[in-house]
Amino acid sequence: MRTERLGASEVAEELGLESGSPGLWWLRELDELGAPPPELAPAELTPAVAAERLELLGVPEPDAADVLATLPVPGDAMWWCLERGVHRLTSTMGDPDAYRGIWPSFEGPGFPLRLRCHVVHVALVVLPFTLAYWERLGIPPDIAVDSLADVSRHMEIHRRMHGTTGIEASWWITLSLRGEIVDLGRLQFNRFTLNVGDESPLWYPEDEAERRGPGFRGGDPCLGVHIPDGPPLGPEAVEDSLRRAGAFFRQYYPVDQRRVATCLSWLLDDQLSEHLPAGSNIMQFQRRFELVPGWYDGDGNVLQFVFRVSADHPLDDLPQRTTLERAVVSHLRAGRHWRVRTGWLDLPG
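Since the structure is predicted, the reported quantities are computational estimates derived from the model, not experimental observations.

Peer 1: Which parts of the structure should I look at to understand the packing of helix 1 (residues 8–15) against helix 2 (residues 22–33)?
Peer 2: For any two helices packed against each other, one specifies the inter-axial angle together with the distance between the axes. Put simply, helix 1 and helix 2 touch, their axes get as near as 9 Å, and they point 140° apart. Comparing the axis directions of helix 1 and helix 2 gives the class oblique. Relative to helix 2, the crossing made by helix 1 is right-handed. On helix 2, the residues touching Ala8, Val11, Ala12 and Leu15 of helix 1 are Leu24, Trp26, Leu27, Arg28 and Asp31.

Written out as structure tokens, the structure is:
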């Protein structure tokens with residue numbers, strides 16, 4: 001079977017995706033995008049090459065074994081998906097505001113293993129393109145590899161949540177694969193343009209943004225600040241990351257105007273001050289930012305990031321070991337809701 005003869009409907013049938021499945025929109029979009037030109041077509045992903053790249057990304061067993069057991073081969077339906085996914089990522093590398101496309105996560109054991117491993121297969125093929133992109137910019141290899149290890153981090157999260165191999169939040173991983181997420185110590189950062197693309201946060205109304213001037217207006221360059229799963233959010237580690245980010249982006253992605261850094265997170269919910277000590281890591285992190293008016297519901301975000309469970313998980317089954325865990329549950333039991341909010345700051349230096 002040659003992949004150029006396949007279309008979205010044939011691939012959906014081969015993969016067992018039923019009518020109404022969100023995966024159908026993914027396949028239709030891939031079909032419209034098409035395969036990459038011959039000179040950029042990915043080479044077959046051999047077990048030896050895949051194993052070497054899995055080790056570089058830090059993917060542990062048994063996840064690595066599952067990825068190797070489901071490698072697609074040219075001509076099958078998953079290869080059809082892979083070569084178009086690679087085309088999506090390589091054609092937009094270097095453009096922080098490019099449309100990322102539909103990337104279903106296929107999270108949990110309810111999906112076939114080959115679908116759950118799909119984005120990891122894409123990552124293994126895209127890896128040399130991403131490393132070459134960073135090398136052209138002069139970015140040190142250790143920063144590049146640390147940043148791409150976000151793949152293994154999200155595989156570890158998936159295993160904690162579901163007990164299986166897979167990727168948590170495939171849409172997020174695509175930013176890393178396009179070379180847009182940079183790990184600099186405890187925090188991650190990415191470039192974007194305010195009010196453009198998928199990464200722009202909740203922001204000021206246009207008139208208020210204009211009043212605040214350069215750095216706040218739609219179309220101005222900006223940076224995103226993200227808190228990956230990891231060790232405690234200690235103030236020294238946070239300060240170090242922010243300082244490193246200021247130097248990094250001035251050197252590798254300079255702009256000729258003020259460029260603020262924004263964070264969109266439940267960690268910036270000012271209601272947390274009702275439950276946590278002022279000296280806690282979270283409250284010290286929150287005080288670094290000036291909050292932007294407005295929010296959206298963050299109950300699901302909090303449950304996922306604090307407990308690694310879904311939004312419909314029974315509250316009575318959640319552990320109550322820490323002040324934060326007790327705060328999350330008591331707040332929800334009181335009929336209140338958590339909020340995702342935006343804050344901004346100027347990077348040091």
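Peer 1: I tried to follow the pattern of salt bridges on my own but got confused; where do I start?
Peer 2: Side-chain pairs of opposite charge can arise where the charged atoms are in close proximity. This structure, assessed with the given rule, holds 23 salt bridges. Across the pair Arg100 and Glu199 runs a salt bridge, and its minimum N-O distance is 2.9 Å. Within this pair, whereas Arg100 is found in the loop between helix 5 (77–91) and helix 6 (113–116), its partner Glu199 is found in the loop between strand 2 (187–193) and helix 11 (206–212), the two being separated by 99 residues in sequence. Both residues of the pair, Arg100 and Glu199, count as buried. Between Glu239 and Arg288 there is a salt bridge, with its nearest N and O atoms 2.7 Å apart. Taken together, the residues Glu239 in helix 12 (residues 235–252) and Arg288 in the loop between helix 13 (281–286) and strand 5 (290–291) connect sequence positions 49 residues apart. Looking at Glu239, the relative accessible area reads 26%, which means it is partly exposed.

Peer 1: Sorry if this is basic, but what is going on with the packing of aromatic side chains here?
Peer 2: What characterises a pair of aromatic rings is the spacing of the ring centres plus the angle enclosed by the ring planes. Taken as a whole and assessed by the stated rule, the structure comprises 13 aromatic pairs. Taken together, a centroid distance of 5.9 Å and an interplanar angle of 35° make the contact between Phe249 and Tyr253 tilted. What links up through ring pairs into an aromatic cluster is the set Phe189, Phe248, Phe249, Tyr252 and Tyr253. Over the ring of Phe216 we find Arg212; its NZ or CZ atom is 5.8 Å from the centre of that ring.

Peer 1: Sorry, what's going on with unusual backbone geometry here?
Peer 2: Outside of glycine, negative phi angles account for most residues, and trans bonds account for most peptide bonds. Residue Glu61 is joined to Pro62 through a cis peptide bond whose omega torsion reads 0°. Mapped onto the elements, Pro62 comes out in the loop between helix 3 (47–57) and helix 4 (63–69). For Ala169, which is not glycine, the phi torsion reads 65° and is therefore positive. On the secondary structure map, Ala169 appears in the loop between helix 9 (150–162) and helix 10 (170–177).

Peer 1: Got a minute to help me understand the packing of helix 3 against helix 7 (residues 118–137) in this structure?
Peer 2: Following both chains from N to C, one finds helix 3 and helix 7 inclined at 75°, their axes separated by 10 Å at the closest point. As the angle between them shows, helix 3 and helix 7 are arranged roughly perpendicular. Only Val120, Leu124, Val125, Leu127, Pro128 and Leu131 of helix 7 make contact with helix 3, whose side of the interface consists of Ala50, Arg53, Leu54, Leu56 and Leu57. Of the residues in the contact of helix 3 with helix 7, the class split is 10 nonpolar, no polar and one charged.

Peer 1: Help me understand the nonpolar core in this model?
Peer 2: Most often, soluble globular proteins keep nonpolar side chains buried together rather than apart. Leu177, Phe248 and Val328 are the most contacted members of the largest nonpolar core, which has 77 residues in total. Sequence-distant contacts of Leu177, that is, excluding residues within four places in its chain, are made with Leu89, Met93, Val122, Ala123, Val126, Thr130, Leu148 and Val151. By size, the runner-up hydrophobic cluster in this structure holds 16 residues, among which are Ala12, Leu15, Leu17 and Trp26.

Peer 1: Before we go on, may I ask you to explain the pairing of strand 7 (residues 339–345) in this structure?
Peer 2: Looking down a regular strand, the side chains alternate between one sheet face and the other. Most of strand 7 sits out of view: six of its seven residues are buried. Sheet topology places strand 4 (residues 261–265) next to strand 7; five bridges connect them, and they run antiparallel. Counted as the bridge partner of Cys263 is Gly343 from strand 7. Bridging between strand 5 and strand 7 involves two bridges; their strand directions are antiparallel. Each bridged residue has a counterpart across the sheet, and for Leu291 the counterpart in strand 7 is Gly343. Alignment of strand 6 (residues 296–297) against strand 7, held across two bridges, turns out to be antiparallel. Bridge pairing in strand 7 places Asp297 opposite Arg339.

Cut-offs and rules
- Residues numbered from 1 in each chain as written.
- Predicted model: local features only at pLDDT ≥ 70, side-chain atom pairs only at ≥ 80, totals over all residues.
- Heavy atoms only, no water.
- Axes fitted to C-alpha atoms, helices over the stretch in contact; angles between N-to-C directions.
- Helix = DSSP H or I, 4+ residues; strand = E, 2+ residues; numbered from the N terminus.
- Parallel < 35°, antiparallel > 145°, perpendicular 65-115°, else oblique.
- Left-handed = near helix turned anticlockwise from the far one by under 90°.
- Contact = heavy atoms within 4.5 Å.
- Salt bridge = Lys/Arg side-chain N within 4 Å of Asp/Glu carboxyl O.
- Buried < 20%, exposed > 50% of the residue type's maximum accessible area, 1.4 Å probe, protein only.
- Phe/Tyr/Trp six-rings, centres within 6.5 Å; stacked < 30°, edge-to-face > 60°.
- Lys NZ or Arg CZ within 6 Å of the ring centre and 35° of its normal.
- Nonpolar A, V, L, I, M, F, W, Y, C, P; charged D, E, K, R; others polar.
- Core = buried A, V, L, I, M, F, W, Y, C linked by side-chain atoms within 4.5 Å.
- Pairing = 2+ DSSP bridges.

In short, geometric facts, not functional conclusions.
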